[in-house]
Amino acid sequence: MNILYFLVGCSVLMALIFLGAFFWAYKTGQNDDVHTPGIRVLFDDEVTAEKSEEDHFSS
Amino acid sequence: MEDQSKTTTKAICYHCGEDLPKVKYQTDDKDFCCAGCMAVFKILSENNLCNYYVYNNNPGRQLKNESHLEYLDDPKIIDQLLDYKHESSGIITFYIPAIHCSSCIWLLEHLYKINPAIFSSRIDFLKKQVTINFNHEEISLKHLVETLNQIGYEPLISLQDVVKAHSSSVDKTLVLKIAVAGFLMGNVMLFSFPEYFGLSGFEKQFQSLFGWLNLAFSIPAAFYCGRDYFTSAITSIKHKHINLDTPLALIIAVLFLRTAFEVIFATGPGFADTLTGLVFLLLMGKWLKQRTYHHISFDRDYRSYFPIAVTTLEKGKEKPVSINDIKIGDRLWIRNGELVPADAILMKGDAWVDMSFVTGESEPIHKVLGEIIYAGGRQTTEAIELEVIKPVSQSYLTGLWNNENYKNNIEKQNFNDSVAKYFSLGVFLIAFAATAYWLFQHDSHKAWSAFTAVIIVACPCVLALSTPFTLSAILSVFDKKGFYVKNTDAVEELAKCDTLIFDKTGTLTSNENAEICFSGSLTNEEKLIVASLLRNSTHPLSRHILKALNVERFYSLNDYKEVVGKGLSAQINSHTIYAGHLSMLPVTIKSVGETGVHIVIDHNYKGCFDIKQQWRPGLAQLVSKLSKFNLQVLSGDTDKDRSMLTTIFPEQSTIRFRQRPHQKLDAVLSLQESGNTVMMLGDGLNDAGALKQSNFGIALTDNINNFTPGCDAILQGGGLNLLPHFIQLSKDGLKVIKISFAIAIAYNCIGIYYAVQGTLYPLVAAVLMPVSTVTIILFTTLATRWFARKNKLI
């Protein structure tokens, strides 16, 4: 059961990595605005008249 | 379906959704209410940005009057505004109050299509901010702001930079501390599990490993996450008074020391799980307390009302100067609609100054040459020249904010801090009594463990949590009803108020629903003539009247003259028509009021359009519901509404008119000195001093994006009728906190029973704390909801 020493070390290390990831995400401002990106993804790409015709022919 | 949408788009403006006047503007089969809306549509369609209208129907807003942007060419001001500047690229963040829907986001993030010198733009919707990255060599800041103005998104640039003030207000380290505390708690719980279930002989070899790991995790919990409690406790002891942080700091210290002691001497598992759990929960409570509204600023002062720069005259030449650089003796050039930023003497021009910011009086006051115009006045007629006699920071208006009376000298003690004293005293008494007993029994080991255990188990953690949980639940009930309270501490102040002071204009009356009424009579033909004349003016009053008249067609006119802010005249169908202020009219008329827009056609006086302020609906009911409070009305206006107010308000309430801002402030002060807790309701800058001095200042507004002076809470006009319910709920909230305190005491008694015997096992402490915490959180949430329902707020 000495493997437990290793596993405990691994689990702490993993948790530390996730904590570090959170620190990084927070400090780079990824949590500053949690509202706008949700709206932003709903915008369609620019659909111009010619493009939709092209699509029509290609399909 | 298509037909339906067509009929709806026909009745309203395609751009802004306002009702169409009978004479409408048309382009591309689309109807617009005014030339401004049509111009925006044209710009957007030229730039292939018509998707703007796809995401929402009528997403636009009506354009306001033009603003002067010359100051944006001044390099000093540019440097002040830019966030970042490097070679050709610059980044700037604007606060744009008009942002309100997804179309706004889409359009403002496609600014690069309008002008290729704009690289990118990003919106923060909740904060109503846009960050623009642009090439400042190709497009000047002034041009950039003009572009935004053209499409109807005028950024608000004021002396108190809203954008920068916001970013510093959030305590970023707290969230990081919570993350660390959560990480520590999770791991410590994991390593404590074997201990909870009992260790077999085989697992005993891991006991010391887990113990040491727990100790290692306790170090950051106590000294990184819990550091604020220690510093707060030390400062409060230095000031010789005890706040809630003092016992908390003591408990954290005792938990840590006992854990270290037990692990190092291998006498037991320690209390690392309790320590980390406690710190995590405490920080969560703290976070709830700090949470505020992103989109509302409560700390605005005169600087948010003032522009960032004014035009000065130097040897006859106009030059924009930053407001902070204005010196005594400078000549200011104030145009129609601009604000006088410093106390100054009128040197040239005809001044009709709207002093509503300062005095609350809505009628413009005529000033003659050589008279002093105080800062905060808004010029309503032609441009005037002024000489500054006092710098901005020492003006009459600014003095309101620098008044030393402000409430920092009032001792603000909330329930928690007042209880903390007795609580700490009680815990110490029990702890020392238990220690003394065991020492008397010559059992020093038990004496030590009883002492520490009592302190650990009698944790006022519940006390620290029940207040933020209850009050933040109340806050969220309030904000659904349009009542935005600054923070949880303010709710406690709200509950204590016994005196209510109302301002009149804008508070008891509503600015939104002002009704145009005409005294006199006009034939249909005359209405057409008046409308044709007013159509040419951009003055808000003209637009208001035009909307009220709502005629089908217009005549063409000759010889149109407009004296800005005073009146209009023209020739229409061989009639001479005048509309405007009394002094502008060609005939002298007596026995009519000064105010309003007077109409004269062919030298015959026809009557006058007046804007009548509407009382907010349900005022009488509101006052009767508030009858147990001491009510007062302090108005800056004339006493024309005295009879109306005396019928509504009870006899013993004070109603005073013509109150200057300083008089309002003094009234609040004298009430406070006689032992009253004062709530002030106001709306304008003229109430700002009183709002700040009062124990609970509420700023009323009809549009939450409007500027409101610094206050404790912002209330939307429609929610005024709910005020008695708001006050009642805050009182109930304090009741909930007191009951939860009683529950906490009950739990503590169980814990102390074991603790004084020196037999408290870590497991009991580790179970007791979360159980009591969960009980309290559940209780406060449910009780708050119950009370909110009882008060008809949900």
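- By the naming in an unreviewed UniProt entry, chain B goes by Cu+-exporting ATPase and is assigned to Pedobacter alluvionis.
- As stated in UniProt under Subcellular location (unreviewed entry), the record for chain B gives "Cell membrane".
- Check the Sequence similarities (unreviewed entry) section of the UniProt entry for chain B; it says "Belongs to the cation transport ATPase (P-type) (TC 3.A.3) family. Type IB subfamily."

- If you check an unreviewed UniProt entry, chain A appears there as Cbb3-type cytochrome oxidase assembly protein CcoS from Pedobacter alluvionis.

**Re the interface of chain A and chain B**
At step 1: In this assembly, 23 residues from chain A lie in contact with 31 residues from chain B.
At step 2: Contact between chain A and chain B buries roughly 2,500 Å² in total, counting both sides, with carbon and sulfur atoms accounting for 68%.
At step 3: In this structure, the connection of chain A to chain B is made through one salt bridge.
At step 4: As a salt-bridge pair, E109 of chain B and R40 of chain A come within 2.7 Å of each other at their nearest N and O atoms.
At step 5: At the junction of chain A and chain B, the tally comes to four residue pairs in polar contact (both at pLDDT 80 or more).

**Topic: the nonpolar core**
All names here are of chain B.
At step 1: F483, F649, M679, F696, I698 and L723 are the most contacted members of the largest nonpolar core, which has 113 residues in total.
At step 2: When residues of this core are assigned to their parent elements, the largest contribution, 11 residues, is made by helix α28 (residues 723-756).
At step 3: Excluding residues within four positions of it along the chain, M679 makes contact with L494, C497, T499, L500, I501, F696, I698, L723 and I727.
At step 4: One finds C13, C104, I123 and F125 within the second-largest nonpolar core, a separate group that totals 55 residues.

**Regarding helix α29 (residues 762-790) of chain B**
At step 1: The end-to-end C-alpha separation of α29 of chain B is 42 Å, in line with the 42 Å expected for 29 residues at 1.5 Å each.
At step 2: Immediately downstream of α29 of chain B, the backbone of K792 of chain B shows phi near 60 degrees, a positive value.

**What to know about helix α26 (residues 661-673) of chain B**
At step 1: The end-to-end C-alpha distance of α26 of chain B, which contains 13 residues, comes to 19 Å, matching closely the 18 Å that a straight helix rising 1.5 Å per residue would cover.
At step 2: Buried within α26 of chain B we find P661, K664, L665, A667, V668, L669, L671 and Q672 of chain B.

**A look at the sheet that holds strand β3 (residues 84-86) of chain B**
Residues and elements named next belong to chain B.
At step 1: Strand order in the open sheet made by the four strands is β3-β4-β6-β5, with antiparallel pairing throughout. Each edge of the open sheet carries a strand with a single partner, namely β3 and β5 (118-124). Strand-to-strand twist of the sheet, defined as the mean angle between neighbouring strand axes without regard to direction, takes the value 15 degrees.
At step 2: In terms of strand pairing, strand β4 (residues 89-95) meets strand β6 (residues 129-135) through seven bridges, oriented antiparallel. Following the sheet pairing, I91 is matched in β6 by N133.
At step 3: Its contacts with the sheet place helix α7 (residues 141-150) against β4, β5 and β6, and it is angled at close to 40 degrees to β4.

**Structural notes on unusual backbone geometry**
Among all residues save glycine, negative phi is the norm, and among peptide bonds the norm is trans.
Residues and elements named next belong to chain B.
At step 1: Despite not being glycine, H442 has its phi angle at roughly 60 degrees, a positive value.
At step 2: As for its position among the elements, H442 is in the loop between α17 (415-440) and α18 (444-457).
At step 3: On the basis of relative accessibility, which here comes to 74%, the residue H442 falls in the exposed class.
At step 4: The phi dihedral of R658 falls on the positive side, at around 50 degrees, and the residue is not glycine.
At step 5: On the secondary structure map, R658 appears in the loop between β25 (654-656) and α26.

About the criteria used
- Residues numbered from 1 in each chain as written.
- Chains lettered and ligands numbered in written order.
- Predicted model: local features only at pLDDT ≥ 70, side-chain atom pairs only at ≥ 80, totals over all residues.
- Heavy atoms only, no water.
- UniProt positions renumbered as here; feature names shortened; annotations may be inferred.
- Contact = heavy atoms within 4.5 Å.
- Buried area = accessible area lost by both parts, 1.4 Å probe.
- Salt bridge = Lys/Arg side-chain N within 4 Å of Asp/Glu carboxyl O.
- Polar contact = N/O pair within 3.5 Å; in protein donor to acceptor, adjacent residues only side chain to side chain.
- Core = buried A, V, L, I, M, F, W, Y, C linked by side-chain atoms within 4.5 Å.
- Buried < 20%, exposed > 50% of the residue type's maximum accessible area, 1.4 Å probe, protein only.
- Helix = DSSP H or I, 4+ residues; strand = E, 2+ residues; numbered from the N terminus.
- Expected span 1.5 Å × (residues − 1).
- Pairing = 2+ DSSP bridges.
- Axes fitted to C-alpha atoms, helices over the stretch in contact; angles between N-to-C directions.

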